Amino acid sequence: MTDDNIFIEGSIEQLKKIIRLKPKLVDARVKLAALYLEAERYQESIECYLEAIRIAPGYPNLHGGLGFAYAHLGDNQKAMEHLKEAVRLKPDDAKAYCALGVLYGRAGDRQKEMECLKESARLKPDLVETYLSLGSIYHETGEYQKAIESLETAIRIDPDHPDANNNLGFMYGKLGDYHKAIIYYQEALSLNPDMALTHFNLAVAYQETGKPERAIECYKEALRLQPDYPDAQAKLDQLAKQDK
């Protein structure tokens, strides 16, 4: 257990003691629900948010947190219901708009997805998750330059965001600029070396730039991190045949 996990578990126990003494103290329940969410104890987070809503239905941020918890459990319908209520109660909740946009995307409603993400960006221009999501949309619609612009904005906000660097590298790869892609993949891995997908992407970029030895190393690392990675294994086997 990491130091962060120990701190979270200790905080959870303290809040549970406070709630036992003061069962109607909503602030304590909200903090407890948020800690459960951070600890990926989603069902407990949901139960805590629901009890807080029962005690204080109009309390801000409850429905947003509940929506996030349901989304993590894959219950998109309930997640969407609560996120809609979150933005109704708090129209300036940029994170709720961002999450709601992602859910609309999962449901295939591209128009509402884009509307929510743009509203999130308007309300909070420095929310990285919004620009990551916009980058994904533009990638899916083939608008690669817009995707790059969105991801560059994400990196300006948070240069140390590994996913933003990986995704930007991927977009440059889509444009055939593998040398620039390599720069961003390497940066992503310097921030989080345990991303199997990024090792795979970097390997592809090395292949495309005539560096098969480095590609082999990266495919092997991707497989070490994620042994069940058929694409990486297939690419590695292909390179091995070429060496014979």
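Refer to the preceding data block for the structure.
Just so you know, these numbers come straight off a predicted model, no measurement behind them.

## Section: the pattern of salt bridges
Step number 1: With the rule as written, the count across this model stands at 11 salt bridges.
Step number 2: Among the ionic pairs, R54 bridges to E51, the shortest N-O distance being 2.6 Å. Of the two residues, R54 and E51 are both situated in helix 3 (residues 42-55); the distance of three residues between them amounts to about one turn of the helix.
Step number 3: Of the residues examined, R54 reaches a relative accessible area of 58% and is grouped as exposed.
Step number 4: Classification of E51 as partly exposed rests on a relative accessible area of 24%.
Step number 5: For E113, the salt bridge goes to R110, with nearest N and O atoms at 2.8 Å. Placement of both E113 and R110 in helix 7 (residues 110-123) is noted, with a separation of three residues, approximately one turn of the helix.
Step number 6: Taking relative accessible area as the criterion, E113 reaches 8% and is therefore assigned buried.

## Focus: the environment of R110
Step number 1: Judged by its relative accessible area of 34%, R110 is partly exposed.
Step number 2: For the pair R110 and T141, spaced 31 residues apart in sequence, the C-alpha to C-alpha distance is 10.0 Å.
Step number 3: Beyond its immediate sequence surroundings of up to four residues, R110 is in contact with I137, E140 and T141.
Step number 4: Separated by 2.8 Å, the side chains of R110 and E113 make a polar contact.

## Some details on the side chain of H63
Step number 1: Mapped onto the elements of the fold, H63 is located in helix 4 (residues 62-72).
Step number 2: Exposure remark for H63: the relative accessible area of 11% places this residue in the buried category.
Step number 3: Among the polar contacts made by the side chain of H63, one reaches the side chain of H82 at a distance of 3.0 Å.

## Remarks on the packing of aromatic side chains
Step number 1: Tallied over the full model, the rule gives three aromatic pairs.
Step number 2: Ring centres 5.8 Å apart and planes at 10° place the aromatic pair Y172 and Y184 in the stacked group. Placement of the pair is Y172 in helix 10 (residues 162-174) and Y184 in helix 11 (residues 178-191), with a sequence separation of 12 residues.

## Remarks on the side chain of N165
Step number 1: Tracing the backbone shows N165 in helix 10.
Step number 2: In this view, N165 contacts I155, P159, Y184, E187, A188 and L191; residues no more than four positions away in its chain are not counted.

## Points about the environment of G176
Step number 1: Following the sequence through the fold, G176 ends up in the loop between helix 10 and helix 11.
Step number 2: On the basis of relative accessibility, which here comes to 42%, the residue G176 falls in the partly exposed class.
Step number 3: When the C-alpha positions of G176 and A205 are compared, they lie 9.2 Å apart, and in sequence the two are 29 residues distant.

## Quick notes on helix 13 (residues 212-225)
Step number 1: The end-to-end C-alpha distance of helix 13 is 20 Å, a good match for the 20 Å that 14 residues give at a rise of 1.5 Å each.
Step number 2: Among the residues making up helix 13, those that are buried are A215, I216, C218, Y219, A222 and L223. Down the axis, helix 13 shows its buried residues gathered within 170° of arc, on one side only. Those residues of helix 13 that are exposed and aimed more than 90 degrees away from the buried face are E213, E217, K220 and R224.

## Details of unusual backbone geometry
Step number 1: Notably, E40 is not glycine yet its phi reads approximately 65°, a positive angle.
Step number 2: Residue placement: E40 occurs in the loop between helix 2 (26-38) and helix 3.

Thresholds applied
- Residues numbered from 1 in each chain as written.
- Predicted model: local features only at pLDDT ≥ 70, side-chain atom pairs only at ≥ 80, totals over all residues.
- Heavy atoms only, no water.
- Salt bridge = Lys/Arg side-chain N within 4 Å of Asp/Glu carboxyl O.
- Helix = DSSP H or I, 4+ residues; strand = E, 2+ residues; numbered from the N terminus.
- Buried < 20%, exposed > 50% of the residue type's maximum accessible area, 1.4 Å probe, protein only.
- Contact = heavy atoms within 4.5 Å.
- Polar contact = N/O pair within 3.5 Å; in protein donor to acceptor, adjacent residues only side chain to side chain.
- Phe/Tyr/Trp six-rings, centres within 6.5 Å; stacked < 30°, edge-to-face > 60°.
- Expected span 1.5 Å × (residues − 1).
- Arc of directions from axis to C-beta.

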